[in-house]
Amino acid sequence: IKSEQGRAAQWLRDANDRAGRVYYNLQVARWVYATNITKFNGERQHNASIMSAEFDREAAENATSFAWENFTDSDLRRQFRKISDVGSAALLRKDKAKYERLISLVTKMETTYSEGQVCDKKGTCLDLEPGLTRLMATSRNYSELLDAWKGWRDATGRKIRDDYKEFVSLSNEAAVENGYRDTGDYWRSWYDTADFRDQLEQLYEEMKPLYLNLHAYVKNKLKAKYGESLFPPSGHIPAHLLGNMWAQSWNNIFDIVEPFAGKPSVDVTPKMKELNYTPRRMFNISDEFFTSLGLEAMPQEFWDHSMLEKPTDGRKVVCHASAWDFYNKKDFRIKQCTDITMDDLITVHHEMGHVEYYLQYKEQPVVYRRGANPGFHEAVGDVLALSVSTPTHLKEIGLLDNVTNDNESVINYLMSIALDKIAFIPFGYLMDQWRWGVFNGSIKFEEYNKEWWKLRCKYQGVSPPIHRNESDFDPGAKYHIPANTPYIRYFVSYVLQFQFHEALCNTANQTGPLHMCDIYRSTEAGAKLGNMLKLGSSKPWPEALEKVTGTRNMSANAILLYFKPLIDWLKVQNQGQTITWSEECPIEYYTT
Ligand SMILES: O=C(CCC(O)(O)[C@H](Cc1ccccc1)NC(=O)c1ccccc1)N[C@@H](Cc1ccccc1)C(=O)O
Ligand SMILES: [Zn+2]
């Protein structure tokens, strides 16, 4: 068996090298399409996807010539197990035409989404970025917000409803070919955790009281602003009033909800504009934070090849931000239609976190160039952003003039972070509850939208501001559904990032309250994080988590510790109030 393992190790080295070259070509073709949507580039991308999928399937086929399950070397076994999982490419074996249909449906849906526009009566059309995003963030006009909210759903979700239905059945066929019950079962397998759904439910329940209190407080402030009569008696908040197209983060309505007026503003967007910030400068700030920790700087190729702002030459692009690994250890890029806002400064750090992970694990074999689990990849940049967002750090980089840390300023600050992080929790949880239900058949096509709004009303406590029915397809108005990008990774990330933050703050000898910790320039914290990132997916994720935090389990304790002062304050604010809502949506908004 020794000599076979030797032969197998050699085969793996070759397979990983060939994979690197095949994936490079795939990424180039996908990049060219995403940054210049044309029919020709779409066909080129399609062909590269087929070639890459055939490579994966053939590698998995060849792997079966080794009795790798009996190998004594656990690393060889792990690599063979990953090479054997070909994902949706398994459909190639059964029916190549079906596989081609599957990937062309995703491209079609993602393109419809990326080309979506809302035009007003005067014929002025807005794209999602920056136009509709700015409108949802800044307008305080109920009906203007409603037009944008409805218009976006008409321009995207409604158009892809039938495509999505066909996609679901093909995706499930591929998952079954790959050895799973359905697509959701396959996606959850990446976490390699037997009771994964139970753990998620437990984490959600632990964070739910904080969300209920935030929801009640924000609803009262919104009622004062827009008038009680516009809010349904069921206790829900109309979904278009929260400063975001999907009500997934509420930081843009801080001015409406701020607990103590007259304190130094925590919203640095005006300051960024006043200082003539450019997207390039925003990326430099983030790059500098990473290098201050002793982590890798962005290579020159990154600056040469990235798309850091929306092109102005008329090209159609996929604006939704993403970070790209070209699998040649040199070429890494970000594609982002960066707007000069605090929101986008946070997103810059989020995307940079993905690239830092790429840089840290680039020496791993290609099969291991992934996050320990997908939640890890989403958490890296957000961990740094928690330090960057502190008033002391914003002052240090010149985005805040003065810092006060009396109790009222602390509550204001924690409120601004909670409007991002706590508001997101139910949304991050419900997105794939819906999709897993669609994939496992418990949500039928005839009730896609009804079940979507049941989850939105139950978990988020937001309701549709106008009639919805089954010719609407509101999940399709959120990028990750047409783009077929899983979402539970963000819920996992929001839990993990506070565990990482707490651990790195201890390593950086930050002794103050967790919410004021800034790990800036701590090379000890950087080394601890970097050593975990270098693992990629070569070890089970509990081992990676333990390397940074000392524990092998996800835990909500860190996020609850971070927001403790705000939790106490909100409970006082909401005393005597009903902080729940009726589970069902207000009936008048739902007609089958
Ligand atoms: O979607 C994103 C950011 C884009 C991304 O960086 O997660 C991007 C999404 C994507 C795009 C194309 C194909 C696949 C996924 N993910 C990556 O670029 C990525 C994913 C895995 C590994 C490395 C990079 N954030 C989510 C959630 C979120 C996260 C953090 C702050 C705010 C909001 C959202 O906007 O709803
Ligand atoms: Zn991400």
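The sections below set out a description of the structure shown in this document. Owing to the predicted nature of the structure, the values given are computational and were not obtained by experimental measurement. Per chain, residue numbering runs from 1 following the sequence as it is written. For naming, the first written chain is A and the first written ligand is 1, with later ones following in the order written. Given that the model is predicted, a residue must reach a pLDDT of at least 70 before its local features are reported, and side-chain atom pairs must reach 80 or more before they are shown or counted; all residues, however, enter totals for whole chains, interfaces and linings. Side-chain measures were taken over the full set of non-hydrogen atoms in the model, leaving aside hydrogen atoms and water.

**Points about the packing of helix α8 (residues 157-177) against helix α18 (residues 407-439)**
All axes are obtained by fitting lines to C-alpha atoms, using only the stretch in contact for helices, and the reported angles, taken between N-to-C directions, cover 0 to 180 degrees. The way it works is that DSSP assigns letters per residue, a run of H or I at least four long becomes a helix, a run of E at least two long becomes a strand, and they are numbered from the N terminus. Contact geometry of α8 with α18 gives a least axis separation of 10 Å together with a crossing angle of 70°. By the criterion of interaxial angle, the relationship of α8 to α18 is roughly perpendicular. Counted together, Tyr-164, Phe-167, Val-168, Ser-171 and Asn-172 of α8 and Trp-434, Arg-435, Val-438 and Phe-439 of α18 form the full contact between these two elements. Think of it as three bins: nonpolar holds Ala, Val, Leu, Ile, Met, Phe, Trp, Tyr, Cys and Pro, charged holds Asp, Glu, Lys and Arg, and polar takes everything else, Gly as well. Its residues assigned to classes, the contact of α8 with α18 comprises six nonpolar, two polar and one charged. Oblique is the label for any angle not under 35 degrees, not over 145, and not in the 65 to 115 range, which are roughly parallel, roughly antiparallel and roughly perpendicular in turn. Residue contacts are counted whenever heavy atoms from the two residues lie within 4.5 Å of one another.

**A short note on the environment of Asp-344**
Along the chain, the position of Asp-344 falls in helix α15 (residues 342-360). A sequence separation of 208 residues divides Asp-344 from Met-136, and the C-alpha atoms of the two residues are 15 Å apart. Once residues lying within four places of it in the same chain are set aside, the contact partners of Asp-344 are Met-282, Gln-336, Cys-337, Thr-338 and Asp-339.

**Let's talk about the packing of aromatic side chains**
In this scheme Phe, Tyr and Trp rings, the latter by its six-membered ring, pair at centre separations within 6.5 Å, and the angle between planes marks the pair as stacked below 30 degrees, edge-to-face above 60, and tilted otherwise. What the rule picks out here adds up to 54 aromatic pairs. Measuring from ring centre to ring centre gives 6.5 Å for Trp-187 and Trp-190, while their planes differ by 25°; the resulting arrangement is stacked. An aromatic cluster of three or more residues is present, and its members are Tyr-164, Phe-167, Tyr-180, Tyr-186, Trp-187, Trp-190, Trp-434, Phe-439, Phe-445, Tyr-448, Trp-452 and Phe-473. A positively charged side chain is recorded as over a ring if its NZ (Lys) or CZ (Arg) lies within 6 Å of the ring centre. The angle to the ring normal must also be within 35 degrees. Positioned over the ring face of Trp-436 is Arg-188, at 4.8 Å from the centre of the ring. In this structure, Lys-421 packs its charged tip against the face of Tyr-494, placed 4.7 Å from the ring centre.

**Let's talk about the site of ligand 1**
To be near a molecule or strand, a residue needs just one of its heavy atoms within 4 Å of it. The local shell around ligand 1 holds 19 residues, among which His-320, Glu-351, Lys-478, Tyr-487 and Tyr-490 are the closest. Ala-323 places a main-chain nitrogen or oxygen 2.8 Å from an oxygen atom of ligand 1. Under this definition, polar contacts are N or O atom pairs within 3.5 Å; protein pairs additionally need one hydrogen-donor-capable and one acceptor-capable atom, and for neighbouring residues in sequence, both atoms have to be side-chain atoms. The separation between an oxygen atom of ligand 1 and a polar side-chain atom of His-350 is 3.4 Å. If you list the elements that add at least two residues to the shell around ligand 1, you get β4 (322-325), α15, α16 (374-388) and α20 (488-507). If one sorts the elements of the shell around ligand 1 by residue count, α15 sits on top with four residues. Taken together, the residues that form the shell around ligand 1 break down as seven nonpolar, eight polar and four charged.

**With respect to the coordination of the zinc ion (ligand 2)**
Atoms of type N, O and S within 2.8 Å of a metal are treated as its donors, and for Na, K and Ca the window is 3.2 Å; water is not considered, so some sites may appear to be missing partners. For the zinc ion (ligand 2), the full set of protein donor atoms is His-350 (NE2), His-354 (NE2) and Glu-378 (OE), at a range of 2.0 to 2.1 Å. Sequence positions of the donors to the zinc ion (ligand 2) reduce to the motif H-x3-H-x23-E. With His-354 in helix α15 and Glu-378 in helix α16, this pair connects stretches of sequence that are 24 residues apart. Relative accessible area decides the class of each residue, using a 1.4 Å probe on protein chains only: under 20% of the type maximum gives buried, over 50% gives exposed, and in between gives partly exposed. Residue classification places Glu-378 among the buried residues on the basis of a relative accessible area of 5%.

**Quick look at the side chain of Asn-41**
Topologically, Asn-41 is positioned in helix α2 (residues 39-63). With a relative accessible area of 7%, Asn-41 lands in the buried category.

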